[in-house]
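Below are the chains, spelled out letter by letter.
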2 protein chains.
Amino acid sequence: MTTTGKQLFTTLSADGKLTVEVAETQFTDPTGNQVLVKMEAAPINPSDLALLLGQAELETGEYSAGKLVATMPQPFHSAMKGRHDQRLPVGNEGAGTVVATGDSEMAKALMGQRVACVPGSAYSQYALADAAMCLPLGDLTAEQGASAFVNPMTALGFVENAKMDGQKAIVHAAAASNLGQMLVKICQEDGMELVNIVRKPEQEQILRDLGAKWVVNSSDGDFMAKLMEAIDATDAFYGFDPIGGGTTVDACFKAMERVAVNKMTTYNRYGSNQQKRMFIYGRLDTGPTILTPSYGFGWTLSGWLLTPFLAQAGVETMTRMRQRVLAGLTSTFASSYKTKVTLEQMVEKEAAIDYRQMKTGEKYLVTPWG
Amino acid sequence: MTTTGKQLFTTLSADGKLTVEVAETQFTDPTGNQVLVKMEAAPINPSDLALLLGQAELETGEYSAGKLVATMPQPFHSAMKGRHDQRLPVGNEGAGTVVATGDSEMAKALMGQRVACVPGSAYSQYALADAAMCLPLGDLTAEQGASAFVNPMTALGFVENAKMDGQKAIVHAAAASNLGQMLVKICQEDGMELVNIVRKPEQEQILRDLGAKWVVNSSDGDFMAKLMEAIDATDAFYGFDPIGGGTTVDACFKAMERVAVNKMTTYNRYGSNQQKRMFIYGRLDTGPTILTPSYGFGWTLSGWLLTPFLAQAGVETMTRMRQRVLAGLTSTFASSYKTKVTLEQMVEKEAAIDYRQMKTGEKYLVTPWG
């Protein structure tokens, strides 16, 4: 017995054309620890966009019912050689109802329940998901549970990672995002100091309204002085940046080092002994990261991804994190959406151009059944 | 009782003039664990140059007997605000004879011995040094022992650090340096694979003559292909770069990621799961480090300095490393010098311009007594 439904696929051809289209698909029956979820809601996160649309030239694309075709410019086309001519499902996470299960006890226990899940193919009417990663939602709606994984677990992951590394304060860039707002609340609950970097006055306001104590605006003339003041007050020598390209990380390292040097009594040619740690967890700016030689050798910069972090943290920590998310889905971990779109509406010109901008507070929710 | 002798000082004035001059100095008697060393030889290492001369405009400097004065251009002048108007000693390491000691047993045991030491003021006829960091040289000459610390311990430190991190192979950039040649020999002794990156054919030859197996030339058209081939053969996802500025680290991360991706069977939007680790341990290029977003999120880049590494490694490891260096000072850890200069000759125009270029195989040795 197979189930049939509509699903979104993205294909980058070897000759440089990106095709995103809705197609009728047959879903195989779940086996073992798999469940088949009738998907009711799935968010479009920044982490979905690289695969879904990348840097395709949407303005000059061709649009028809349930389909868009656009040119993928260089160097992005060559950089994604590994996916050329492969028809790929999209959508990291979502929520829906389990309609069939494999024969494992864990899978069978989910039958008929509404769950949040992480299938990697959430932009679809049905998706096969791993039962171990499903979170039963109880009375919550699919919309309330659709974003239960990526943003909540990432924001919680930052705080868990900081605690593991003995930190009592965090710097966060692009801090007014949905994830950033969650981080403000988590840090308040956990007594972790948080230095929020934003770039617009209205973003400052969003965070101050949540009770954030340290909010600095990178567009202000005294940005560096304010950032140093916040770091000095909180001892935040540890931070997360979703922008990636440009000088955000560099500015954080510089400010951290200047704070540390100001506390030194004698000059050291190698800079301070203060260890400075930054993580890049996104690529809102796909340009190169620029690191100037102005903060000695006591710094470390890493990429940060949720999945390897969870693997490193272990099952016990992950289970505790997921239970905390479930308990706070309508408060600390609540997500809000600008609008809802169907699978077909996802590939309409105006919508695609709009959601790809990843504007703060303007997240889209996909509802595959309309 | 005080001892009098000549010493070199470097001063960067608040108005942007760098003065390096030889001055008559009174050295206080050693106390506690200190020893007073009559310095016989001290190398000019890249790690000394930032403090000694920095980016001062030597071509247009004023030169007189035992003194040079040159303009320090921006942004370097402002970046070194912490040292403005301070008259600083220079010279990380050297060798000489202990002529007075403090009253600790460790210090007293060194009386009259020739030692390698790390006083931070080695460009001087006398220097106060920490007895715990002195290495008795036995029958070796001061010239043979002058470079017993910085390069040998750094090269050994890379291999120790790699072993601590479970690595079996290392990438090394600017690999034909004095330090790089030591690293080739250490890796041969320890069965650690080593991928050497150089930029000139004659540097390739130097390393091949030492028996280096993997030598790639970054000036060659097929550099990336050769680097990938070497990484693929050795599993070197871990490396050290003394250049700092530019794209050396970026090229290493790219090559490492491509090797890892080539082994994957399915496309992953986040790149490979292979952890890639690079360290910047010098600044031969003082321009910014450029990191392109082309190797996923599984990478970590850190500054690397010898002193914090040794502190982390612990006394036992450090003692073992030092004994290995002593045993190999005329073989594995032998240094060679282009020429010898007195303190006065260090501040002559032609010499200063020449040694600041830090050309491979053209290291200077300072002999403070002529």
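A brief report on the enclosed structure follows.

Parameters and conventions
- Residues numbered from 1 in each chain as written.
- Chains lettered and ligands numbered in written order.
- Predicted model: local features only at pLDDT ≥ 70, side-chain atom pairs only at ≥ 80, totals over all residues.
- Heavy atoms only, no water.
- Helix = DSSP H or I, 4+ residues; strand = E, 2+ residues; numbered from the N terminus.
- Rg over C-alpha atoms; globule rule 2.2 N^0.38 Å.
- Contact = heavy atoms within 4.5 Å.
- Areas by Shrake-Rupley, 256 points an atom, 1.4 Å probe, with all protein chains shown as cover.
- Lys, Arg positive; Asp, Glu negative; His and termini not counted.
- Charge placed at Lys NZ, Arg CZ, Asp CG, Glu CD.
- Buried area = accessible area lost by both parts, 1.4 Å probe.
- Salt bridge = Lys/Arg side-chain N within 4 Å of Asp/Glu carboxyl O.
- Polar contact = N/O pair within 3.5 Å; in protein donor to acceptor, adjacent residues only side chain to side chain.
- Nonpolar A, V, L, I, M, F, W, Y, C, P; charged D, E, K, R; others polar.
- Least-squares fit on C-alpha atoms with pLDDT ≥ 70 in both.
- Expected span 1.5 Å × (residues − 1).
- Pairing = 2+ DSSP bridges.
- Axes fitted to C-alpha atoms, helices over the stretch in contact; angles between N-to-C directions.
- Buried < 20%, exposed > 50% of the residue type's maximum accessible area, 1.4 Å probe, protein only.

Next up on the list: the overall build of chain A. Of the regular secondary structure elements, chain A holds 13 helices and 20 strands. Its C-alpha radius of gyration of 22 Å places chain A within 12% of the 21 Å reference for a compact globule of 370 residues. For chain A, the spread of C-alpha atoms along the principal axes amounts to about 75 × 45 × 35 Å. Taking the intrachain contacts of chain A between residues at least 6 apart in sequence as the baseline, contacts between residues at least 24 apart amount to 72%. Put simply, chain A shows about 15200 Å² of open surface, and 50% of that area lies on carbon and sulfur atoms. Each charge sign in chain A was given a centre, from 33 positive and 39 negative side chains, and these centres are 3 Å apart.

On to the interface of chain B and chain A, then. In this assembly, 34 residues from chain B lie in contact with 34 residues from chain A. Counting the surface lost from both chain B and chain A, the interface buries some 3000 Å², and carbon and sulfur atoms represent 64% of this. It is B:Tyr267, B:Arg269 and B:Phe297 in chain B that bury the most area against chain A; as a group they hold 26% of the surface buried on that side. Taken together, the links from chain B to chain A amount to 0 salt bridges. Where chain B meets chain A, there are 9 residue pairs in polar contact (both at pLDDT 80 or more). For the side of chain B that touches chain A, the elements supplying multiple residues, two or more each, are helix H1 (46-52), strand E6 (87-89), strand E17 (285-291) and strand E18 (299-303) of chain B. Residue contributions to the side of chain B that touches chain A peak at 6 residues, all from E17(B). The class makeup of the residues in the side of chain B that touches chain A is 17 nonpolar, 13 polar and 4 charged.

Attention now moves to the relation of the copies chain B and chain A. Of the two same-sequence chains, chain B is brought onto chain A (RMSD 0.0 Å, axial shift 0.0 Å) by a rotation of 180°. The superposition operator between the copies reduces to a two-fold rotation axis. Both copies present the same face, since 100% of the interface residues in chain B are matched by interface residues at the equivalent positions in chain A.

In this section: helix H5 (residues 150-164) of chain B. Quick reminder: α-helices carry 3.6 residues per turn. Residues three or four places apart thus point the same way. Its 15 residues place the ends of H5(B) 20 Å apart at the C-alpha level, agreeing with the 21 Å of an ideal helix rising 1.5 Å per residue. Following H5(B) by one or two positions, B:Gly166 has its phi on the positive side, about 75°.

With that settled, the discussion passes to the sheet that holds strand E1 (residues 3-12) of chain A. Residues and elements named next belong to chain A. With respect to topology, 5 strands assemble into an open sheet ordered E4-E5-E2-E1-E6, the strand pairing being antiparallel. Strand pairing shows two members of the sheet lacking a second neighbour, strand E4 (62-64) and strand E6 (87-89), which therefore form its edges. Averaged over neighbouring strand pairs, the angle between their axes works out to 30° when direction is ignored. Relative to strand E5 (residues 67-71), E4 runs antiparallel, the two sharing 3 bridges. Its bridge partner being in E5, Tyr63 is matched across the sheet by Leu68.

All names here are of chain B. By the criterion of burial, strand E7 (residues 94-101) is predominantly enclosed, with 6 of the 8 residues buried. Summarising the sheet, strand E3 (residues 34-43) and E7 pair through 6 bridges and their orientation is antiparallel. By the bridge assignment for E7, Ala41 is matched with Ala95. Where E7 and strand E8 (residues 114-117) come together, 4 bridges link them in antiparallel fashion. What sits directly across from Ala95, in E8, is Ala116.

Tallying each qualifying case throughout the model produces 30 salt bridges over all chains. As a salt-bridge pair, A:Asp190 and A:Arg324 come within 2.8 Å of each other at their nearest N and O atoms. Placement of A:Asp190 in helix H6 (residues 178-190) and of A:Arg324 in helix H11 (residues 315-327) is noted, with a sequence separation of 134 residues between them. Its relative accessible area of 26% is what places A:Asp190 among the partly exposed residues. Under the relative-accessibility criterion, A:Arg324 is labelled partly exposed at 24%. We note a salt bridge from B:Glu257 to B:Lys276, for which the minimum N-O separation is 2.7 Å. One end of the pair, B:Glu257, is in helix H9 (residues 248-262); the other, B:Lys276, is in strand E16 (residues 276-280), and 19 residues separate them in sequence. Per residue, the accessibility class of B:Glu257 equals that of B:Lys276, and both read buried. Members of the salt-bridge network, linked through shared partners, are A:Lys163, A:Glu189, A:Asp190 and A:Arg324.

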